[in-house]
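The residues making up each chain are set out below.
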Amino acid sequence: MALSRLHLLLNKPPPLPFLAPSSFVSPLSSSFRVSSRRPRPTPRFSFARRLLCSKSDPPTQSDPRWDEPAPSIVGDLLDYLNESWTQFHATAEAKRQLIEAGFHLLNENDEWDLRPGGRYFFTRNMSCLVAFVVGERYSIGSGFHVIAAHTDSPCLKLKPRSASSKSGFLMVNVQTYGGGLWHTWFDRDLSVAGRVILKDGHGSFSHKLVKVRRPLLRVPTLAIHLDRLLPISSFNYGFTVNTEGFKPNLETQLLPLIATKIEDAEMKSEDKKIAPSSSKSAHHSLLLQVLCEELSCDVSDIMGMELNVCDTQPSCLGGGNNEFIFSGRLDNLASSYCALRALIDTCRLPGDLANEQAIRMVALFDNEEVGSNSMQGAGAPTMFQAMRRIVDCLAQERFREGSFERALRSSFLVSADMAHGLHPNFPDKYEEHHRPALQKGVVIKHNANQRYATSSLTAFLFKEVANVHNLPVQEFVVRNDMGCGSTIGPILASGVGIRTVDCGIPQLSMHSVREICGKEDIDIAYKHFMAFFQSFSDIDKKLSVDF
């Protein structure tokens, strides 16, 4: 484990034999707690058990010595992925890292007191987060330099009434969230994670995050011997193997099983007192008992829950050279973490903001996979309301006409969402001259029909950031005979007219329960995002358009 970490930081492949996926598992209590305390120092290359969060020494960002190799963040990304089973855990872990880095937690319900050089953030629904730092040379009308991503991924979610039984099994009713490759969820070691609403002894309520790390659920496939088609003709004396593909019914055949049904065996005597009309009876008492063990509470304390079904296999390095990342939720936690680390590391040292006039910001939204139309999604005015409050607060009594509007015109948004890397088995699915490769850098996405918000101007500016720092850039256009996905980019760009570029880290197996991306692309994206925060102000001044 420590040897793998050493070779990650030195940007070299580890010696064979490579470490098993379990090498990246580290224990945390399943009841997640945010702490602002300083970590206990551990020797960087010791054989101590791996921590779940970034503990490596920060790279020097204020000194632009880009010829020196920056430490890899791949190991820290693996930790973040292994902690962030749900959008709630991803936000809570981001919150913990921001507090540890010295950011001040704001509340949207309170008045804000902001100052140039300050570092701030707030959360909404514990699944959406906005963090920002104010340049020390900020002046009224200066713009925002934003990287936006999302915290959610396609998954299965428990229905409000999840308890059901079939053929002697206790089953869990689920609903599909987003456009997942649902056949990949079969025969996986699954569990549950999310948040639970609890009551305390004083008549108040709180929410706690929960994660059951052990395999708890399973969606078994049908044996091939039972998945037969009718005979092709009367001359066939048997049934043929189904060659039409696996096409399960998502309502009746995608239910995970949790236990065999033994009459009354799953219910403790005190649980039998639960009335049939109680919300507790909506879920198997066995599931409730597991949650109570994780949360150290009683069944009667549980008032509500919002749980995702999650794959328990940890994120890890893979491939003969350990050059790939095998993980769930790369779309889009990989982008979220690269943006978060870039913001933290470009304002970590004294003097990092001394010459900055703009406001650097990272916005992580929920519900992108289902259209962003929610209070915590990019369709809500969360980011723009925060921008207005920031401008008004920093202006104080020196408010001038059009301060917010002028700030928006000077702003730039990087919509960071994973991109389609070239699949070696399906090259014909890609436009011939736009085939992003793994390990070759961030991909700028173009679409003439505005499924992506990139324009020639925004693409040029983002590429110029890479050119200045000698970073590779790729470009993607979908084939004319295929449909094109979309991102939060067009939603935010059209909201108030902010300049936007859509980009992403190339990956394979998008929306599978288990995805793949290149290790090198993570570090390239991290460096590109750092370069954006550090140098965009100077680059933007050199381009004149509406003058």
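The name that an unreviewed UniProt entry assigns to the protein chain is aspartyl aminopeptidase, with the source organism given as Musa troglodytarum. According to the UniProt record, the Cofactor (unreviewed entry) comment for the protein chain reads "Zn(2+)". Under Catalytic activity (unreviewed entry), UniProt gives the following word-for-word description of the protein chain: "Release of an N-terminal aspartate or glutamate from a peptide, with a preference for aspartate."

Chemist: For this particular structure, what's the right way to read the overall build of the protein chain?
Modeler: Helices and strands together make up the secondary structure of the protein chain, namely 10 helices and 22 strands. Expressed as a percentage of its 547 residues, the buried residues of the protein chain come to 53%. Long-range pairs, those at least 24 residues apart, make up 77% of the contacts in the protein chain with a sequence separation of at least 6. Accessible surface, the protein chain: about 25200 Å² in total, of which carbon and sulfur atoms supply 52%.

Chemist: Can you walk me through the packing of aromatic side chains in this structure?
Modeler: Counting across every chain of the model gives 12 aromatic pairs. On the basis of an interplanar angle of 35 degrees and a centroid distance of 5.5 Å, the ring pair of Tyr120 and Phe132 is categorised as tilted. Taken together, the residues Tyr120 in strand S2 (residues 119–124) and Phe132 in strand S3 (residues 128–134) connect sequence positions 12 residues apart. Look at Tyr120 and you get buried, because its relative accessible area is 7%. Among the residues examined, Phe132 registers a relative accessible area of 0% and is labelled buried. Three or more aromatic residues joined by ring pairs make a cluster, and in this case those are Phe412, Phe462, Phe532, Phe533 and Phe536. One Lys or Arg, Lys157, reaches over the ring of Tyr177 and ends 4.8 Å from the middle of that ring.

Chemist: Please clarify how the nonpolar core should be interpreted in this entry.
Modeler: Nonpolar side chains in soluble globular proteins tend to end up buried together. Of all hydrophobic cores here, the largest spans 58 residues; its most connected members are Phe103, Ile325, Val414, Ile522 and Phe529. Each residue touching Ile522, except ones within four places of it in the same chain, is listed here: Ile73, Val74, Leu77, Ile325, Ala334, Cys338, Ile505 and Cys517. Ranked by size, the runner-up nonpolar core spans 34 residues in total, among them Leu190, Val192, Leu217 and Ile302.

Chemist: What's the story with unusual backbone geometry in this structure? I'm lost.
Modeler: Negative phi values dominate among residues other than glycine, just as trans dominates among peptide bonds. Backbone torsion omega between Asp331 and Asn332 reads 15 degrees, so that peptide bond is classified as cis. Checked against the element boundaries, Asn332 lands in helix H5 (residues 330–345). The backbone of Ser167 sits at a positive phi, close to 50 degrees, despite the residue not being glycine. Considering the arrangement of structural elements, one finds Ser167 in the loop between strand S5 (155–166) and strand S6 (169–177). A positive phi is found at Arg329, a non-glycine position, where the angle reads about 65 degrees. Looking at the secondary structure, you find Arg329 in the loop between strand S14 (324–327) and H5. Arg329 gets classed as buried once you look at its relative accessible area, which sits at 16%.

Chemist: So what exactly am I meant to see when it comes to the confidence of the model for the protein chain here?
Modeler: Regions with low pLDDT carry predicted coordinates that are not meant to be interpreted in detail. Across the protein chain, the average pLDDT comes to 86, with 81% of residues at or above 70. The model gives residues 1–66 a pLDDT under 50, and that stretch makes 126 contacts with residues more than four places away or in other chains. Predicted confidence for residues 272–277 stays below pLDDT 50, and this span has eight contacts to residues more than four positions away or in other chains.

Chemist: What is the right way to look at the sheet that holds strand S4 (residues 144–150) in this model?
Modeler: Within a sheet, neighbouring strands are paired by backbone hydrogen bonds and run either parallel or antiparallel to one another. Spatially, S1-S2-S3-S15-S4-S16-S20-S18-S19 is the arrangement adopted by the nine strands of the open sheet, whose pairing is mixed. Unpaired on one side and paired on the other, strand S1 (104–105) and strand S19 (473–477) mark the two borders of the sheet. Along the sheet face, helix H6 (residues 382–395) touches S2, S3, S4 and strand S15 (359–365) and points at about 155 degrees away from the line of S15. Here helix H10 (residues 519–540) sits on the sheet in contact with S4, S15, strand S16 (412–416), strand S18 (442–446), S19 and strand S20 (499–504), set at roughly 155 degrees to S4.

Chemist: Sorry if this is basic, but what is going on with H10 here?
Modeler: Structurally, the α-helix is built with 3.6 residues per turn, so residues lying three or four positions apart point the same way. Its 22 residues give H10 an end-to-end C-alpha distance of 30 Å, which sits within 8% of 32 Å, the value for a rise of 1.5 Å per residue. The principal kink in H10, of about 50 degrees, is found at Gln534. For H10, the buried fraction is high: 18 of the 22 residues fall into the buried class.

Chemist: Looking at this structure, how should I read the packing of helix H2 (residues 74–83) against H5?
Modeler: The description of two helices packed together rests on the angle between their axes and the distance between the axes. It is the contact of H2 with H5, at a shortest axis distance of 10 Å, that shows an interaxial angle of 125 degrees. As the angle between them shows, H2 and H5 are arranged oblique. Our pair here, H2 against H5, has a crossing hand that is right-handed. Residues Asp76, Leu77, Tyr80 and Leu81 of H2 lie in contact with H5, whose contacting residues are Leu330, Leu333, Ala334, Tyr337 and Arg341. Of the residues assigned to the contact of H2 with H5, the class counts are seven nonpolar, no polar and two charged.

Criteria and thresholds
- Residues numbered from 1 in each chain as written.
- Predicted model: local features only at pLDDT ≥ 70, side-chain atom pairs only at ≥ 80, totals over all residues.
- Heavy atoms only, no water.
- UniProt positions renumbered as here; feature names shortened; annotations may be inferred.
- Helix = DSSP H or I, 4+ residues; strand = E, 2+ residues; numbered from the N terminus.
- Buried < 20%, exposed > 50% of the residue type's maximum accessible area, 1.4 Å probe, protein only.
- Contact = heavy atoms within 4.5 Å.
- Areas by Shrake-Rupley, 256 points an atom, 1.4 Å probe, with all protein chains shown as cover.
- Phe/Tyr/Trp six-rings, centres within 6.5 Å; stacked < 30°, edge-to-face > 60°.
- Lys NZ or Arg CZ within 6 Å of the ring centre and 35° of its normal.
- Core = buried A, V, L, I, M, F, W, Y, C linked by side-chain atoms within 4.5 Å.
- pLDDT = per-residue confidence, 0-100.
- Pairing = 2+ DSSP bridges.
- Axes fitted to C-alpha atoms, helices over the stretch in contact; angles between N-to-C directions.
- Expected span 1.5 Å × (residues − 1).
- Bend = angle between axes of the 7 residues up to and from the residue.
- Parallel < 35°, antiparallel > 145°, perpendicular 65-115°, else oblique.
- Left-handed = near helix turned anticlockwise from the far one by under 90°.
- Nonpolar A, V, L, I, M, F, W, Y, C, P; charged D, E, K, R; others polar.

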